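# Report on the structure
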Amino acid sequence: MITKIENIPKELHSLPQWVCWQLSNKVPRNPHNGNNAKSNDPSTWGTLAEAVEACERYGFDGVGFEFANGYFGVDLDHVLDDTDICTEFVETLGSYAEISRSGDGLHIICRGTLPDGARRKDNVEMYSEGRYFICTGNIYNNKYKDIVDCTETVKVLHSKYLYTPQVQQSVRYVEPLGLDDSEVIEMARSCRNGGAFWDLYNGNWQGIYSSQSEADQALCNHLA
């Protein structure tokens, strides 16, 4: 088995949030029966010991950790040649960090809660549900080996790397016409393209529009 089980933090061992994986397919596998596991169905996960036993029984290549129940993960792709960003994330969070299966990425597993907002931007991802990490046990720089609560420390990283400013939509005030429906219809009939409006209003769209929905949209445009 590829995963270095002895390096997985003890805190995670008994949590029923473990699955298996194969080199040929990254789809998580259920340690109880070898079938596909589901990220939204904890009954298809098991403990680390169960996942390790399933790897031996079914020939899986390693284990993975599903995020739920107050644990989240930070995934940095293609960053190992960028010492600055690795140091920034690892030292800011101070939680268990390992080199990903690709050999050029970084996985950090934390306890706590992620801020609201985006979960992925460029090569930075943060997840607390619906995802799992393939675990290698290949500790980054052999330094942070335990899980710590990063609820507060992750905020600055999330804000810096995942925050997307909201574009303020301008609102144009339209003065109410103060007309009833019959007056609006009469105005539409009397305008320059009133004939086209009246045909649509009376359902005469065949041969002009390709569908009822297209004709309805045209009618709405006339009224607008």
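Our structure is the block above this text.
All of the points below concern the structure found in this document. (Residues numbered from 1 in each chain as written. Predicted model: local features only at pLDDT ≥ 70, side-chain atom pairs only at ≥ 80, totals over all residues. Heavy atoms only, no water.)

Pairing is antiparallel across the open sheet formed by four strands, whose spatial order is 2-1-3-9. On the outer flanks of this sheet lie strand 2 (25-29) and strand 9 (132-134), each paired with one strand and no other. Along the sheet, successive strands turn relative to each other by an average axial angle of 35°, direction set aside. Pairing analysis gives two bridges linking strand 1 (residues 18-22) to strand 2, with the strands arranged antiparallel. The residue of strand 2 that forms the bridge with Cys20 is Arg29. Of the strands in this sheet, strand 1 and strand 3 (62-66) are in contact with helix 2 (residues 48-58), which crosses strand 1 at around 25°. (Pairing = 2+ DSSP bridges. Helix = DSSP H or I, 4+ residues; strand = E, 2+ residues; numbered from the N terminus. Axes fitted to C-alpha atoms, helices over the stretch in contact; angles between N-to-C directions. Contact = heavy atoms within 4.5 Å.)

Turning our eyes to something else, we now look at helix 4 (residues 153-161). Looking at helix 4, one finds that the buried residues are Val154, Leu157, His158 and Tyr161. Projection of helix 4 onto a plane perpendicular to its axis shows the buried side chains occupying an angular sector of 100°, all on one side. When the buried face of helix 4 is taken as reference, the exposed residues oriented beyond 90 degrees from it are Val156 and Lys160. On its buried face, helix 4 is in contact with strand 4 (71-76), helix 3 (83-93), strand 7 (120-121) and strand 8 (124-127). (Buried < 20%, exposed > 50% of the residue type's maximum accessible area, 1.4 Å probe, protein only. Arc of directions from axis to C-beta.)

What follows covers the sheet that holds strand 7. An order of 5-6-4-8-7 is seen for the five strands of this open sheet, with the pairing classed as antiparallel. Edge positions in the sheet fall to strand 5 (97-99) and strand 7, since each has one partner strand and no second. In this sheet, strand 6 (residues 106-111) lies alongside strand 4 in antiparallel orientation, the contact comprising six bridges. The residue bridging Val74 from the neighbouring strand is Ile108, located in strand 6.

To continue, consider the pairing of strand 8. Residue alternation in strand 8 divides its side chains into two sets, Val124 and Met126 and Glu125 and Tyr127, and both sets are buried. Of the strand pairs in this sheet, strand 7 and strand 8 are connected by two bridges, and their pairing is antiparallel. Its bridge partner lying in strand 8, Arg120 is registered against Glu125. Taking the residues that link successive antiparallel strands as the turn, the strand 7-strand 8 hairpin has two residues, and the phi of Asp122 there is positive, at about 55°.

Right, let's talk about the nonpolar core for a bit. One finds Val74, Phe89, Leu93, Leu106, Ile108 and Met126 to be the most contacted residues of the largest nonpolar core, which totals 24 residues. The element that contributes the greatest number of residues to this core is helix 3, accounting for five residues. Non-local contacts of Leu106, meaning those with residues more than four positions away in its chain, are made with Val74, Asp75, Leu76, Val79, Leu80, Cys86, Val90, Glu98, Ile99, Ser100 and Tyr140. Among the nonpolar cores identified, the runner-up in size contains 21 residues, and Phe67, Phe133, Ile139 and Ile147 belong to it. (Core = buried A, V, L, I, M, F, W, Y, C linked by side-chain atoms within 4.5 Å.)

Among all positions of helix 3, only Ile85, Cys86, Phe89, Val90 and Leu93 are buried. The arc that holds the buried residues of helix 3, viewed along the axis, is 115°, so those residues lie on one side. Helix 3 presents Thr83 and Asp84 as exposed residues on the side facing more than 90 degrees away from its buried surface. Next to the buried residues of helix 3 lie strand 4, strand 5, strand 6, strand 8 and helix 4. Gly94, located one to two residues past helix 3, shows a positive phi value of around 65°.

Right, let's talk about the environment of Asp61 for a bit. Among the structural elements, Asp61 can be located in the loop between helix 2 and strand 3. Of the residues examined, Asp61 reaches a relative accessible area of 21% and is grouped as partly exposed. Between the alpha carbons of Asp61 and Thr3 there is a distance of 7.8 Å; along the sequence they are 58 residues apart. Sequence-distant contacts of Asp61, that is, excluding residues within four places in its chain, are made with Met1, Ile2, Thr3, Trp21, Gln22 and Leu23. A polar contact is formed between the side chain of Asp61 and the backbone nitrogen of Leu23, at a distance of 2.7 Å. (Polar contact = N/O pair within 3.5 Å; in protein donor to acceptor, adjacent residues only side chain to side chain.)

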